[in-house]
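Here are the chains, one letter per residue:
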Amino acid sequence: MSVFPKEYGVIVVGAGHAGCEAALASARLGIETLLLTINLDCIAAMSCNPAIGGLAKGHLVKEIDALGGEMARNIDATGIQFRKLNTSKGPAVRATRAQADRLLYRLRMKKVIEGQKHLDIHQAMADKILVKGDIVKGIRTNTGEEIHSTCVVITTGTFLRGLIHIGLKHFPAGRMGDPPSNRLSKSIAALGFEMGRLKTGTTPRLHRNSIDFSRLEVQEGDTPPTPFSFRTTAISLPQRPCFITYTNDETHRIIDQALGRSPLFTGKIKGTGARYCPSIEDKVYRFPDRPRHQIFLEPEGLDTAEIYPNGIATSLPLDVQIAMVRSIKGLENAQILRPGYAIEYDFSDPTQLNPSLETRLVHGLFFAGQINGTSGYEEAAAQGLMAGINAARYCLDQAPLVLDRSQAYIGVLIDDLVTKGTREPYRMFTSRAEYRLLLREDNADVRLTPIGRDIGLIDNEAWDIFKTRRRRLEEALGLLKGIKIAPSASINEWLASVGSSPIPQTTTLFSLLKRPEIKIKTVEGRFEEVKRFPPEVLDQLEIETKYSGYIERQELEVKKFKKWEAMLLPEDLDYRLIPGLSNEIVEKLSRQRPVSLGQASRISGITPAAITAIRIYLKKTMG
C-alpha cells in the first residue's frame, strides 16, 4: 500500500456525464479535485444513444447550463442535428434534442477537463471507500494506492458489478470493452448501504453503407439550429439528417420465436429494466396488437460509418439480432458492427441520501447518477453538477445548495429520488413537475443563473450575457404594455385578417398578444418596434404574455408549497413521541429523516393526518 503524493478536497470516482460535471463544478469553485476513471480514453463516453436532450431531459440540460455546468456547451460544439420537440404543444412541454458526434463529444469534454485549473485526472479503479468512524477519508485503488480527500463523489454509472447479456451468454463488464467495478460495490455495501439491481440496454450498431436510405423517411433538423447553451451564438458543425423506419410482422415473428433464448424471458436477468425505454423484445411481447414500432436511424458522427437504430435495444442472441434487423425496411442487407446487449448493475437506494446528495451514513460521501437509480445522460449530469457543488461547499464549510421542486427540474429529480426512492430506472418527464409552466426551457437562465452567480460558477462573461438577455426581455415587455392601440378600421381589419375579433376600445399590444390567435410573428409584421428584439427574446415574451394568467396561478401555488418547505424538522426529532403516528409511519420517517414538513408529506405512505399530527406536536414543543 502506498499513499498518493497529493491530498484532495474532492475525489470524483467515474468520468461519465455525472463525474465530468461533478469534477468541473468542484474545481471551478476552487477546490483541489481529482477525477478518477478506469479508462482515460472514455471520459464522457456516450455508452448508449448519441444524443442529448429530449422531452424534460432538454430542460435539465438548459438548467445545467444556467447554473454553470458544461453539458450544454459540449453538445452545442459537437452537435450534428438539433430539433425542437412538441412545438405544436404548450410551452411547458417544448424541449430541445440534439444528435452528437459521439467521438467529438467525448474528445471535447476530455479537453475541457484536462485544461481545468484545480482539476487532476488519474487512471485507476477505485476498490474501497476509506472511512474513519462516519467520515469519508478518501479511496483505495486497485493498484494499492490510498488517495486521501475531504469528500468523495461516487458516479460509477453501470460499472458496479456490471454484467453484460447477449442471448444466454453473459460476462462481467461495466460497458462493452471495459471491466466492471466489483470491489467498490462490495465496499459500498459493507458501509451499510442498501443495494439493488437494475438493468438497461443498447442497440446493435449498423454500417451506414449497408443501409438503403432511399427507401426510408428523412428527418431533417431545424434550420437554423437552436443551441442549448444561453452562451452559444451559433452551431458550427455541418448538420446531418436522421431516417425513420419501422418493425413489421416478420420482425415480430422472429422475436417471438426467439424469446426462449432471451435472457429477459428465461430469468437470466435479475435486475429491473426501464419501464419507459423497454427492449424491442419486451415491446413486442407487451404490445402484441401493435403492428409496428418506430425506429430512428441516428448517425453517430460526421466521420464514422456507424448508425444507431434507436428503438431496437435488445439482448437477443447475435444471430437473432441479424435476422431481426434484416427483416426491417431499408435494412435488408444491414451489417451489424456491434451487437446490442443488456447490462445489469448495482445501485444504492437513493432514500439513503440527503437532498444535497450527501449520504446520511457517511459524512462527505456523495452519490450521483445511475448509482442513485436514474437512467439517462442528462439525469446523471444534473446530479453530478449538484453533487460537485455540494462537495465543494462541504470543503468550504458552507451550507449545501438544494433546489426545490418549484425552482428547477433538477429539484424535482433529486427530491423524487431522496424522498420517494425508485425500484426501476428513473427517467425524467415533464409530468413529474407540478409547476412545469414555471420551469420551462426558455426561462432556465432567469430561474437559475443568479444562483449560479452567487455560488461562483457563472463567470463575468456569462453574467453579462444573462443581464443583457434579461434587460431585453424587460424592455420588450415594457414596449408591449406601452403601445396603446385605439379602435380603427385599419386595426380591426388587421385583426379580422388573423381571425381575431375587433377591439371596442383602446387597449395595449400586451393585451392583444394574450389572444391565442395572435402570434408574435403576426405582431412583428404589423409593429416595426417589435422587430428589434432577437427571436429568443420574442419567443419568451410571447409565452410570458399569453400564459400570464396561468403563470400567476402557479406562482400562488408555489407560495403555498414554500410555506410547507419552510417548516423544517429537527434532525434529531424522535417520531415515536408524536401521538397518533402508526408504527409504519414512525419507521419510514425515522429511516428517511425528511428535512421539512413538505418533504415528509411526499414520502410514500405518509398520510395528511400524520402531517397534521407532526405539525401540532412541533407547535406544542417548539412554539
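Preceding this paragraph is the structure being described.
Analysis parameters
Residues numbered from 1 in each chain as written. Predicted model: local features only at pLDDT ≥ 70, side-chain atom pairs only at ≥ 80, totals over all residues. Heavy atoms only, no water. Helix = DSSP H or I, 4+ residues; strand = E, 2+ residues; numbered from the N terminus. Rg over C-alpha atoms; globule rule 2.2 N^0.38 Å. Buried < 20%, exposed > 50% of the residue type's maximum accessible area, 1.4 Å probe, protein only. Contact = heavy atoms within 4.5 Å. Areas by Shrake-Rupley, 256 points an atom, 1.4 Å probe, with all protein chains shown as cover. Phe/Tyr/Trp six-rings, centres within 6.5 Å; stacked < 30°, edge-to-face > 60°. Lys NZ or Arg CZ within 6 Å of the ring centre and 35° of its normal. Pairing = 2+ DSSP bridges. Axes fitted to C-alpha atoms, helices over the stretch in contact; angles between N-to-C directions. Arc of directions from axis to C-beta. Polar contact = N/O pair within 3.5 Å; in protein donor to acceptor, adjacent residues only side chain to side chain. Salt bridge = Lys/Arg side-chain N within 4 Å of Asp/Glu carboxyl O. Parallel < 35°, antiparallel > 145°, perpendicular 65-115°, else oblique. Nonpolar A, V, L, I, M, F, W, Y, C, P; charged D, E, K, R; others polar. Expected span 1.5 Å × (residues − 1).

Visitor: For the overall build of the protein, give the residues involved together with the corresponding values.
Guide: The helix and strand inventory of the protein stands at 20 helices and 23 strands. Taking 2.2 N^0.38 as the reference for a compact globule, 623 residues should give roughly 25 Å; the C-alpha atoms of the protein span a radius of gyration of 26 Å, in line with that estimate. If you line up the protein on its principal axes, its C-alpha atoms span 85 × 75 × 50 Å. Counting over 623 residues, the protein shows a buried share of 57%. Taking contacts inside the protein between residues at least 6 apart in sequence as the whole, the part at least 24 apart equals 73%. Carbon and sulfur atoms make up 51% of the accessible area of the protein, which totals about 26300 Å².

Visitor: Describe in detail the packing of aromatic side chains, supporting the description with residues and values.
Guide: Across all of its chains, the model carries 10 aromatic pairs by this definition. Ring geometry for Phe193 versus Phe367: centroids 5.1 Å apart, planes at 50 degrees, classification tilted. Separated by 174 residues along the polypeptide, Phe193 in the loop between helix 5 (182-190) and strand 13 (195-202) and Phe367 in strand 21 (residues 365-367) bring together distant segments of the chain. Taken individually, Phe193 and Phe367 each receive the classification buried, so the pair is uniform in this respect. With centroids separated by 4.9 Å and ring planes inclined at 65 degrees, the aromatic side chains of Phe265 and Tyr285 adopt a geometry described as edge-to-face. You can see Phe265 sitting in the loop between helix 6 (249-257) and helix 7 (280-286) and its partner Tyr285 sitting in helix 7, a full 20 residues away along the chain. Directly above the ring of Tyr246 sits Arg292, whose terminal nitrogen or CZ lies 3.6 Å from the centroid. Directly above the aromatic system of Tyr426 lies the positively charged group of Arg432, at a separation of 4.1 Å from the ring centroid.

Visitor: Describe the sheet that holds strand 17 (residues 294-299), and please don't skip the residues or the numbers.
Guide: An order of 15-16-17-18-14-19 is seen for the 6 strands of this open sheet, with the pairing classed as antiparallel. The open sheet has two edge strands, strand 15 (217-219) and strand 19 (336-338), and neither has a second partner. The mean angle between the axes of side-by-side strands here comes to 35 degrees, regardless of whether they run parallel or antiparallel. As defined by bridge partners, strand 16 (residues 242-246) adjoins strand 17 across 4 bridges and the pair is classed as antiparallel. Across the sheet, residue Ile244 finds its bridge partner in strand 17, namely Phe296.

Visitor: Quick one: what's the story with helix 6, residue by residue and with numbers?
Guide: Since the α-helix packs 3.6 residues into each turn, any two residues three or four apart lie on the same face. Here helix 6 has its buried residues at Thr251, His252, Ile254 and Ile255. Down the axis of helix 6, the sector holding all buried residues measures 160 degrees, keeping them to one side. Summarising the geometry of helix 6, the exposed residues directed more than 90 degrees from the buried face are Asp249 and Gln257. Where helix 6 is buried, its residues touch helix 7 and helix 8 (318-326). The residue sitting at the N-terminus of helix 6 and contributing the capping side-chain oxygen is Asn248; that oxygen lies 3.0 Å from the backbone nitrogen of Glu250.

Visitor: So what about the pairing of strand 8 (residues 126-132)? Which residues, and what values?
Guide: In this structure, strand 8 lies alongside strand 9 (residues 135-141), joined through 6 bridges in antiparallel fashion. Along strand 9, the bridge assignment pairs Val131 with Val136. The antiparallel pairing of strand 8 with strand 9 creates a hairpin that spans 2 residues between the two strands, and Gly133 there sits at a positive phi of about 65 degrees.

Visitor: Summarise the pattern of salt bridges; cite the residues concerned and give the values.
Guide: Here the structure, examined in full by the defined rule, presents 45 salt bridges. The salt bridge involving Arg423 is made with Asp349; its shortest N-O contact spans 3.4 Å. Pair noted here: Arg423 is in the loop between helix 10 (409-420) and helix 11 (444-455) and Asp349 is in the loop between strand 20 (341-348) and strand 21, with a separation of 74 residues, a long-range link. Taking the relative accessible area as the measure of exposure, Arg423 reaches 57% and is therefore exposed. For Asp349, a relative accessible area of 5% puts it in the buried group. Across the pair Glu544 and Arg440 runs a salt bridge whose closest N-O atoms are separated by 2.9 Å. Of the two residues, Glu544 sits in helix 16 (residues 535-546) while Arg440 sits in the loop between helix 10 and helix 11, which places them 104 residues apart along the sequence. Arg440 gets classed as buried once you look at its relative accessible area, which sits at 1%. One salt-bridge network, in which partners are shared between bridges, spans Arg405, Asp415, Asp416, Lys420, Glu434, Glu565 and Arg602.

Visitor: Outline the sheet that holds strand 20, listing residues and values.
Guide: What the 4 strands build is an open sheet, ordered 12-11-20-13; its pairing is antiparallel. One side of each edge strand has no neighbouring strand; the edge strands of this open sheet are strand 12 (169-172) and strand 13. Sheet twist, expressed as the mean angle between neighbouring strand axes with direction ignored, is 25 degrees. Across 3 bridges, strand 11 (residues 163-166) lies against strand 20 in antiparallel orientation. Along strand 20, the bridge assignment pairs His165 with Ala342.

Visitor: For the packing of helix 2 (residues 57-67) against helix 3 (residues 71-78), give the residues involved together with the corresponding values.
Guide: For the pair helix 2 and helix 3, interaxial distance at closest approach is 7 Å and the crossing angle is 110 degrees. The orientation of helix 2 relative to helix 3 falls into the category roughly perpendicular. Across the interface between the two elements, Val61, Ile64 and Asp65 from helix 2 touch Met71, Ala72 and Arg73 from helix 3. Classifying every residue of the contact of helix 2 with helix 3 by side-chain character gives 4 nonpolar, no polar and 2 charged.

Visitor: Please set out the environment of Ala496 residue by residue, giving values where relevant.
Guide: The topology assignment puts Ala496 in helix 13 (residues 489-497). Placed 369 residues apart in sequence, Ala496 and Asp127 show a C-alpha to C-alpha distance of 72 Å.

Visitor: Pulling in residues and values, what's your account of helix 11?
Guide: Taking 1.5 Å as the rise per residue, helix 11 with 12 residues should run 16 Å; its terminal C-alpha atoms sit 17 Å apart, in good agreement. All buried positions along helix 11 are accounted for by Ala444, Asp445, Arg447, Leu448, Thr449, Ile451, Gly452 and Ile455. In an axial view of helix 11, the angular spread of the buried residues amounts to 165 degrees, which keeps them on one side of the axis. In the core, the buried residues of helix 11 are packed alongside helix 2, helix 9 (377-395) and helix 12 (460-482). Backbone geometry just downstream of helix 11 places Gly456 in the positive-phi region, at approximately 105 degrees.

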